[in-house]
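# Inside the fold
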Amino acid sequence: SSLNCTQCMNGYFLLDGFCRSDCLEKGKIYDQDSSLCVDKCPSSFYKYLELALGQNICKKCLDNCEKCNNSTTCDVCSGGWFLFQNKCMETCPDNYFFNQSSKRCSYCPLGENEILIENKFLGCEKCIQNCLSCSGNKDFCTKCDDYYFNLNGTCTKVCPIGKVKNFRLGLC
């Protein structure tokens, strides 16, 4: 029976039951938290070439980040956090919505409305014709194109009898 190490002295790394001076021997990565040579870094850590040590080590991602490739950006946030511009946020900023499929904060371009079911963002849909922005659904316009006027959520060029065009507000 052969003896296998379970723990190494400071400056040595455990690899396959033996204490080694580095993890390069088998292309492994040094995990500083566990002091082990590993095939891949654990969740919330990324592989980093530490020039001073001359080997790959596992470094911590940004706070609340589950998966990353460097210390300044995140690819996937931890549960309950939202990815916005490669950072993890508690909520999506104004005019942005959490996109369930991409797991990111998304926004709908001008002239499109977000589709929300039970407060879950499902995508964007084009607003009614001549509408710059709509709210609640694609058929209720909140801002019409230039030279169109909003009349109860629809866009018209001509206001009905008894109504006047308010050019400043874009309303009938």
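For every chain, the first residue of its written sequence is number 1, and the numbers climb from 1 along that sequence. Only residues with pLDDT of at least 70 are given local features in this predicted model, and only at 80 or more are side-chain atom pairs given and counted; all residues enter the totals for whole chains, interfaces and linings. Calculated side-chain values reflect all of the structure's heavy atoms, with hydrogen atoms and water omitted.

### Considerations on the overall build of the chain
The cut-off we apply is this: A run of H or I in DSSP becomes a helix once it reaches four residues, and a run of E becomes a strand once it reaches two; helices and strands are each numbered from the N terminus. To get the radius of gyration, use the C-alpha atoms; to get the globule rule, take the number of residues to the power 0.38 and multiply by 2.2 Å. Exposure is judged per residue with a 1.4 Å probe applied to protein chains only, and the accessible area is read against the type maximum: over 50% gives exposed, under 20% gives buried, and values in between give partly exposed. Contacts between residues were defined by any pair of non-hydrogen atoms, one from each residue, lying within 4.5 Å. Exposure was quantified through the Shrake-Rupley algorithm and a 1.4 Å probe, taking into account, for residues, occlusion by the shown protein chains and nothing else.
Scanning the chain from terminus to terminus reveals 0 helices and 18 strands. For the chain, the C-alpha radius of gyration of 28 Å lies well beyond 16 Å, the compact-globule estimate for 172 residues. Overall size of the chain, expressed as C-alpha extent along the three principal axes, is 100 × 30 × 20 Å. Counting the 172 residues in the chain, one finds 30% classified as buried. Taking the contacts inside the chain whose residues are at least 6 apart along the sequence as the reference set, 12% of them involve residues at least 24 apart. Here the chain displays about 11700 Å² of accessible surface, and carbon together with sulfur accounts for 50% of that area.

### Structural notes on the pattern of salt bridges
Where we set the bar: One speaks of a salt bridge when a side-chain nitrogen belonging to Lys or Arg is within 4 Å of a carboxyl oxygen belonging to Asp or Glu.
For the structure shown, the criterion picks out 2 salt bridges. Among the ionic pairs, Asp39 bridges to Lys28, the shortest N-O distance being 2.7 Å. With a gap of 11 residues between them, Asp39 in the loop between strand S4 (36–38) and strand S5 (45–50) and Lys28 in the loop between strand S2 (18–20) and strand S3 (29–31) connect regions that are remote in the sequence. In this structure, the salt-bridge partner of Lys138 is Asp139, at a minimum N-O distance of 3.3 Å. Here Lys138 falls in the partly exposed class, since its relative accessible area comes to 33%. You can call Asp139 partly exposed: its relative accessible area is 43%.

### Quick notes on the pairing of S5
Defined as follows: Here a strand pair is declared whenever DSSP counts at least two bridges between the two strands.
Where S5 and strand S6 (residues 55–60) come together, 6 bridges link them in antiparallel fashion. Following the sheet pairing, Tyr48 is matched in S6 by Ile57.

### Quick word on the state of the cysteines
This is how the line gets drawn: We call a pair of cysteine sulfur atoms a disulfide whenever their separation is within 2.5 Å.
The full count for this structure, using the stated rule, is 9 disulfides. Between the sulfur of Cys77 and that of Cys88 lies a disulfide, 2.3 Å long from S to S. Judged by the sign of its S-S torsion, about -105 degrees, the bond between Cys77 and Cys88 is left-handed. In this pair, Cys77 sits in strand S8 (residues 76–77) while Cys88 sits in strand S10 (residues 87–89), placing the two residues 11 residues apart along the sequence. Residues Cys77 and Cys88 agree in their burial class; the two are buried. Covalently, Cys159 is tied to Cys172 through a disulfide, its sulfur atoms 2.1 Å apart. One quick way to see it: the torsion about the S-S bond of Cys159 and Cys172 is about -85 degrees, and its sign makes the bridge left-handed. In this pair, Cys159 sits in the segment after strand S18 (154–156) while Cys172 sits in the segment after S18, placing the two residues 13 residues apart along the sequence. On the accessibility criterion, Cys159 (13% relative accessible area) is buried.

### Focus: the packing of aromatic side chains
As a reminder of what qualifies: Note on ring pairs: Phe, Tyr and Trp rings are taken, using the six-membered ring of Trp, and paired if centres are within 6.5 Å. Classes follow the plane angle, with under 30 degrees stacked, over 60 edge-to-face and the rest tilted.
All told, the structure shown has 2 aromatic pairs when counted by the stated rule. Arranged with centres 6.4 Å apart and planes meeting at 80 degrees, the rings of Tyr46 and Tyr48 form a pair that is edge-to-face. Overall, the relative accessible area of 5% leaves Tyr46 in the buried class. Note on Tyr48: relative accessible area 32%, which makes it partly exposed.

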